[in-house]
Amino acid sequence: MAEIVLSAVIQKAADIAANLISEECTRLNWLQKDISWIETEMRRIQAFLKDADAKQDESESEGLANFVNDMRDLAYDVGDIMDTYFPKVVSQRRRKGFFGWLKFAACIFSDWYVAHNFSVEIEQIRERVKDINEARTTYGITENGGNTGSDTWNARRSYPHVEEPNVVGFEEHIDKLKAKLLAWVFVSQKPSIQELLQDIAGQVGLEKEKREEQLEANLFNFLMQKRYVIVIDDIWDTPTWDALSNGIPKNSENPSRIIITSRKTDVGIHIGGQSSLHTLQPMDSENSKKLFFKLVMVPQENTNETIDRFQLEELGEKMLHKCGGVPLAIVLTAGLLLLKEKTKQAWEGVLASMGKGQDECSKILALSYKDLPTDLKPCFLYFGVFPEDYEISAVELINLWAAEGFIQGRGEQEVEEVGEDYLNNLIARNLIQVARKKFDGRIKSCRIHDLLHELCIKVAEKRNFFNTLQNVTSNPVRRVTVHRSKIREHIALRFRTPKLHALLCFNNDDSICRKDLKSIIGVRFLRVLRIEVRLFPSSFPSEIGNLSDLSYLRLRGKGLEKLPRTISKLKYLLTLDFPFCRVLKFLPDVIWKMKQLRHICLGRLSCFGRVEQKMDRWYPIEISLPNLQTLIVRSYDLNPIWLHKFTSLRKLHIWDSTEGIMKELSGPMPVSEKLEKLQLQWFSSRADLFDQTFNLFGYRNLSKLHLEGPMNKLPSPDKLPPNLTKLTLKENYLEDEPMETLKKLPKLKILILGLNSYKGTRMVCSGGLADHNFIQLEELVFDSLFWLEELIVEEGGMPRLNKLRIRYCPMLAMVPERFRSITTWKKADWTRQEIPWNDHVRM
């Protein structure tokens with residue numbers, strides 16, 4: 001929020017002021033005075049905003065809230081002024097040295113017109129600050145103190161994430177649904193009926209061809225022959241159901257069930273009649289206590305807390321009374337307590353803050369936000385820019401936070417690692433839900449409860465943090481989020497958003513032309529540009545180079561073929577993400593020397609227009625990407641020797657890998673000591689790529705490996721990464737049985753044998769007490785192994801396996817009996833079938 005903008009302004013002002021303190025700077029004396037004044041006043045405003053944030057309450061006057069918003073707008077405006085007149089202070093200082101920088105600054109302000117404009121804008125800021133100082137006295141807000149101690153938190157602490165879900169009171173219902181459930185979809189307030197039906201069709205296994213035309217009729221006929229349970233979660237109105245019911249039969253030939261959740265009783269009555277209603281009651285006292293104390297009484301390591309359990313339980317019961325049996329209120333209250341000391345004083349403070357009155361759940365929601373440290377508040381509010389019930393990629397979220405300036409690197413910690421710490425803190429507070437985890441337990445995606453999503457929007461609009469397209473006001477708008485609306489509606493409002501910092505467009509089925517794009521990128525201070533549309537023009541306007549502050553660019557849609565060379569002007573760009581721009585074939589090679597870039601993600605068909613290989617020689621191109629963390633690219637655009645220049649690389653995905661790529665990756669020194677994930681895909685005619693050179697044993701941090709392409713044989717264990725945790729094999733057409741090699745990988749936890757990875761009919765894992773029997777393997781997946789007929793696991797083999805998933809293996813007829821309880825088996829149409837357990841295998 002504005003406090004973070006102020007930190008950046010103060011730092012920039014301090015740098016400039018330090019440079020200007022010199023005898024040689026007499027020509028710029030007036031500038032030195034203005035910059036020093038800015039630094040001083042912004043520090044005061046920063047302290048003021050912290051105090052105001054700590055004191056402001058929902059019950060206080062609207063006038064005070066408006067006053068605080070004026071303060072935040074002032075902070076943003078000062079930041080924009082600094083970015084306008086000093087966009088390259090740091091880079092010029094580093095490139096030209098001190099006296100070179102002085103010459104640069106003198107040149108800027110030697111122009112009378114520029115100097116005059118700067119002076120006028122600073123004078124206007126002075127007048128606004130004068131008004132603020134007068135109002136500060138009126139409202140009695142001092143500059144001392146802060147956020148009552150909540151600004152201090154240990155970002156590197158461990159969090160007591162419980163692996164099993166904290167589900168209380170629903171065990172019987174869950175057990176009955178587990179074996180029958182086929183589809184679960186989230187609806188939200190403004191759903192796309194077509195997307196929901198596509199989601200259901202995909203989950204129940206309707207063939208792709210039948211999903212593309214006459215979807216409703218094909219899905220209806222498909223379900224008529226099936227036995228199913230479909231959960232339609234959070235439906236808001238009856239027209240939504242009326243539209244969905246065109247594709248979902250209510251009276252199929254097989255006994256099936258449709259479960260609807262809604263906040264509105266009339267919706268349930270309309271769909272199934274009065275007798276179908278099951279009204280969820282608040283949790284009773286016993287289950288409320290069970291859930292609450294299961295969450296808050298987790299023992300914390302390395303603490304000297306003396307816990308008086310009796311006193312805390314007494315205080316906890318008083319809090320539960322205020323929660324009224326609402327599960328969300330209970331887990332949020334637990335989240336507040338979990339990061340505080342387990343002392344009577346700390347718990348009494350939370351109890352006193354929970355408020356009184358009827359709407360106690362809303363009070364708890366607001367308290368959970370207010371309790372956040374200052375630097376976590378904008379990160380939490382940012383969840384509101386995503387659509388309701390949206391599964392949010394943790395990587396995208398953290399990259400957006402970084403682009404907005406909410407997070408920075410800290411010591412040896414990269415900015416992405418800091419972002420993970422922030423996300424873990426929000427999860428530990430039960431403000432954010434984990435949707436999916438990565439193979440190593442880290443967060444892959446997350447969600448936010450719809451009530452908390454509403455809170456984000458409410459607070460954001462009140463504080464002018466962001467606006468939805470429908471709520472763009474006459475106030476200065478800094479961020480706009482567009483969900484399924486026509487993006488041209490935003491373009492029509494552009495005259496009302498001249499100070500826009502971020503535009504985020506989700507799930508838009510509209511097309512956009514060059515004129516529209518020019519209108520969007522005509523906003524001077526844009527830092528985040530995320531556009532999802534059905535169709536782009538073939539080339540992106542060159543005016544994008546004017547967005548000197550742009551830090552995040554994500555484009556998703558068809559049609560875009562070319563980016564302009566002016567993209568090289570984007571000196572602050574951190575993320576370049578074009579995941580589904582499938583025909584993007586002309587990327588400027590200047591991208592390879594944009595030093596600040598951290599993430600380059602391109603589709604399989606994307607390529608650079610000038611980069612060519614002729615007679616085994618490459619055009620000389622300057623390569624300078626010292627900060628690059630992620631690279632997803634075609635090998636056609638990558639001279640193999642460049643890999644050694646990406647020394648910070650953590651994730652590498654190369655489409656159509658070549659022998660040269662394999663050779664460089666397999667050299668005596670890793671291309672990056674930090675590499676954690678590697679995905680290689682190559683043409684079907686190159687089965688010999690692995691025969692001679694392949695060797696990844698030197699990659700000590702590489703834990704995830706994906707190999708997709710034909711192989712004569714698997715690399716030996718001493719050629720694979722020693723700390724490999726997850727391995728995916730796909731389209732390898734191996735003839736030799738792979739288990740004999742793979743069982744020797746000492747840290748392998750997840751093994752996925754995907755489409756046509758193995759051509760044999762029999763797979764054997766030997767047992768015994770030896771270390772070479774998949775001693776760490778927890779999850780095994782067979783997917784589309786069309787020749788496999790039998791799996792044999794001897795006694796002692798795979799001792800820690802807890803999940804076996806089998807999909808599309810039509811010939812497989814023998815599976816160990818002892819894996820019955822951990823196996824999920826699906827045929828090509830995604831319907832479950834009886835599993836052929838092998839009672840005669842060697843156990």
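Reading the values: rules and limits
- Per-chain numbering applies: the sequence of each chain, read as written, is numbered from 1 onward.
- Only residues with pLDDT of at least 70 are given local features in this predicted model, and only at 80 or more are side-chain atom pairs given and counted; all residues enter the totals for whole chains, interfaces and linings.
- Side-chain measures were taken over the full set of non-hydrogen atoms in the model, leaving aside hydrogen atoms and water.
- For the purposes of this entry, the term helix denotes a DSSP run of H or I that reaches at least four residues, the term strand denotes a run of E that reaches at least two, and both are numbered from the N terminus.
- Here a helix's expected span is defined as the number of its residues, less one, multiplied by 1.5 Å.
- Buried residues are those whose accessible area, probed at 1.4 Å on protein chains only, stays under 20% of the maximum for their type, while exposed residues exceed 50% and partly exposed ones sit between those limits.
- Throughout, a residue-residue contact means that at least one pair of heavy atoms, one from each residue, lies within 4.5 Å.
- The criterion is simple. A nonpolar core is a set of buried Ala, Val, Leu, Ile, Met, Phe, Trp, Tyr and Cys residues joined through side-chain atoms within 4.5 Å.
- Strand pairing requires that DSSP identify at least two bridges connecting the strands.
- Salt bridge criterion: a side-chain nitrogen from Lys or Arg within 4 Å of a carboxyl oxygen from Asp or Glu.
- Grouping into patches uses exposed residues only, defined as over 30% relative accessible area, and leaves out salt-bridged ones; the cut-off is 9 Å for like charges and 5 Å for nonpolar side chains (Val, Leu, Ile, Met, Phe, Trp, Tyr).
- For accessible areas, the Shrake-Rupley method is used with a probe of radius 1.4 Å. Any residue's cover is judged against the shown protein chains and nothing else.
- Pairing of aromatic rings covers Phe, Tyr and Trp, the last counted by its six-membered ring, and requires centre-to-centre distances within 6.5 Å; plane angles under 30 degrees mean stacked, over 60 mean edge-to-face, and any other angle means tilted.
- Put simply, a charge is over a ring when the Lys NZ or the Arg CZ is close to the ring centre, within 6 Å, and near the line of the ring normal, within 35 degrees.
- Between N-to-C directions, angles span 0 to 180 degrees; the directions come from axes that are lines fitted to C-alpha atoms, helices contributing only their stretch in contact.
- For classification purposes, angles smaller than 35 degrees are called roughly parallel, those larger than 145 roughly antiparallel, those between 65 and 115 roughly perpendicular, and all remaining angles oblique.
- The handedness criterion is simple: a crossing whose near helix is rotated anticlockwise from the far helix by less than a right angle is left-handed, and one whose near helix is rotated clockwise is right-handed.
- Ten residues, namely Ala, Val, Leu, Ile, Met, Phe, Trp, Tyr, Cys and Pro, are considered nonpolar, four, namely Asp, Glu, Lys and Arg, are considered charged, and the remaining ones, Gly among them, are considered polar.
- A positive count includes Lys and Arg, and a negative count includes Asp and Glu. His and the chain ends are not counted in either.
- Where a charge lies is defined by one atom per residue type, namely NZ (Lys), CZ (Arg), CG (Asp) and CD (Glu).
- Directions drawn from the helix axis to the C-beta atoms are what define this arc.
- For every residue, the predictor assigns a confidence score, pLDDT, that lies between 0 and 100.

This next bit is on helix 12 (residues 285–296). Because each turn of an α-helix spans 3.6 residues, side chains separated by three or four positions in sequence point in the same direction. Over its 12 residues, helix 12 extends 16 Å from the first C-alpha to the last, a length consistent with the 16 Å expected when each residue adds 1.5 Å. Looking only at helix 12, the buried set comprises Ser288, Leu291, Phe292, Phe293, Leu295 and Val296. Taken together, the buried residues of helix 12 touch helix 13 (309–323), helix 14 (327–338) and helix 15 (344–353).

With 103 residues, the main nonpolar core has Phe646 and Phe782 as its most contacted residues. With residues up to four places along the chain from it excluded, the contact list for Phe646 reads Trp592, Ile623, Leu625, Leu628, Leu631, Leu638, Val671 and Ser672. One finds Tyr76, Leu320, Leu381 and Leu431 within the second-largest nonpolar core, a separate group that totals 73 residues.

This part covers the pairing of strand 11 (residues 552–558). Most of strand 11 is tucked away: five of the seven residues are buried. As paired elements, strand 10 (residues 528–535) and strand 11 share six bridges and run parallel to each other. Each residue of the ladder has a partner; that of Val528, found in strand 11, is Tyr552. Pairing analysis gives three bridges linking strand 11 to strand 12 (residues 575–578), with the strands arranged parallel. Bridge pairing in strand 12 places Leu553 opposite Leu576.

One pass over the full model with this rule turns up 31 salt bridges. A salt bridge links Arg436 to Glu391, with the shortest nitrogen-to-oxygen separation between them at 2.7 Å. Linking Arg436 in strand 5 (residues 433–437) with Glu391 in the loop between helix 17 (377–381) and strand 4 (392–393), this pair joins segments that are 45 residues apart in sequence. With a relative accessible area of 30%, Glu391 lands in the partly exposed category. The residue Arg442 makes a salt bridge to Glu420 at a minimum N-O spacing of 2.8 Å. Pair noted here: Arg442 is in the loop between strand 5 and strand 6 (443–447) and Glu420 is in helix 19 (residues 415–428), with a separation of 22 residues, a long-range link.

Bringing a nonpolar patch on the surface into the picture now. A surface patch of nonpolar side chains, amounting to about 280 Å² of accessible area, comprises Tyr733, Phe786 and Trp787. Looking at the element boundaries, Phe786 is found in the loop between strand 23 (779–783) and strand 24 (790–793). What makes Phe786 partly exposed here is its relative accessible area of 37%.

Using the criterion set out here, one finds 13 aromatic pairs in the structure. Taken together, Tyr382, Phe406, Phe465 and Phe466 form an aromatic cluster joined through their ring pairs. Here Lys377 stacks its cationic end above the ring of Tyr369, 5.3 Å away from the centre of that ring.

Before going further, it helps to spend a moment on the packing of helix 12 against helix 13. Interhelical geometry of helix 12 versus helix 13 gives an angle of 120 degrees and a closest axis separation of 11 Å. Considered as vectors, helix 12 and helix 13 are oriented oblique to each other. Pair helix 12 / helix 13 crosses with right-handed handedness. In contact with Ser288, Lys289, Phe292 and Phe293 of helix 12, helix 13 contributes Leu312, Glu313, Gly316, Glu317, Met319 and Leu320. When grouped by side-chain class, the residues that make up the contact of helix 12 with helix 13 number five nonpolar, two polar and three charged.

On to unusual backbone geometry. Of note, the phi angle at Gln214 is positive, near 50 degrees, even though the residue is not glycine. In this structure, Gln214 sits in the loop between helix 8 (208–212) and helix 9 (215–224). Judged by relative accessible area, which is 62%, Gln214 ranks as exposed. The residue Tyr733 is not glycine, and still its phi comes out positive at about 55 degrees. Note on placement: Tyr733 falls in the loop between strand 20 (726–730) and helix 24 (739–742). Relative accessible area serves as the criterion here: at 34%, Tyr733 is assigned to the partly exposed category.

This paragraph deals with the pairing of strand 12. Neither face of strand 12 is exposed, since Thr575 and Asp577 on one face and Leu576 and Phe578 on the opposite face are all buried. Note: strand 12 against strand 13 (residues 599–602), four bridges, orientation parallel. Across the sheet, Phe578 pairs through a bridge with Leu602, a residue of strand 13.

Below, the discussion takes up the sheet that holds strand 5. Within the open sheet, the three strands sit side by side as 4-6-5. Their pairing is antiparallel. Edge strands, defined here as strands with exactly one partner in the open sheet, are strand 4 and strand 5.

Side chains of Glu123, Glu127, Asp131 and Glu134 sit close together on the surface and give a patch of like negative charge. With respect to the helices and strands, Glu127 occurs in helix 5 (residues 112–139). Using a relative accessible area of 43% as the deciding quantity, one classes Glu127 as partly exposed.

Structurally, Gly557 can be placed in strand 11. By relative accessible area, which is 8% here, Gly557 ends up buried. Each C-alpha atom, one on Gly557 and one on Ile512, is 10.0 Å from the other, the two residues being 45 residues apart in sequence. If we ignore the near neighbours within four places in the chain, the residues touching Gly557 are Val533, Arg534, Phe536, Phe580 and Cys581.

With that out of the way, let us pick up helix 15. Buried within helix 15 we find Trp347, Val350 and Leu351. The buried side chains of helix 15 occupy one side of the element, clustering within an arc of 100 degrees when seen end-on. In this structure, helix 15 carries Gln345 and Ala352 as exposed residues pointing more than 90 degrees from its buried face.

This part takes up the environment of Leu574. One can find Leu574 in the loop between strand 11 and strand 12. As a C-alpha pair, Leu574 and Leu550 span 24 residues in sequence and 8.5 Å in three-dimensional space. Setting aside residues no more than four positions away along its own chain, Leu574 makes contact with Ala402, Ala403, Ser551, Gln596, Leu597, Arg598 and His599.

Of all residues in the protein chain, 76% attain a pLDDT of 70 or more, and the chain-wide mean is 79. Note on residues 156–164: pLDDT under 50 across the span, and 18 contacts to partners over four residues away in sequence or across chains. Across residues 829–843 the pLDDT falls below 50, and counting only partners more than four positions away or on other chains, this stretch makes 52 contacts in the model.

A cluster of basic residues, Lys208, Arg534, Arg556, Lys558 and Arg582, forms a positive patch on the protein surface. Examined against the element boundaries, Lys208 turns out to sit in helix 8.

Our focus in this paragraph is the side chain of Arg598. Secondary-structure assignment places Arg598 in the loop between strand 12 and strand 13. On the accessibility criterion, Arg598 (11% relative accessible area) is buried. Not counting chain neighbours up to four residues away, the residues in contact with Arg598 comprise Glu414, Val415, Glu416, Leu574, Asn627, Leu628, Gln629 and Thr630.

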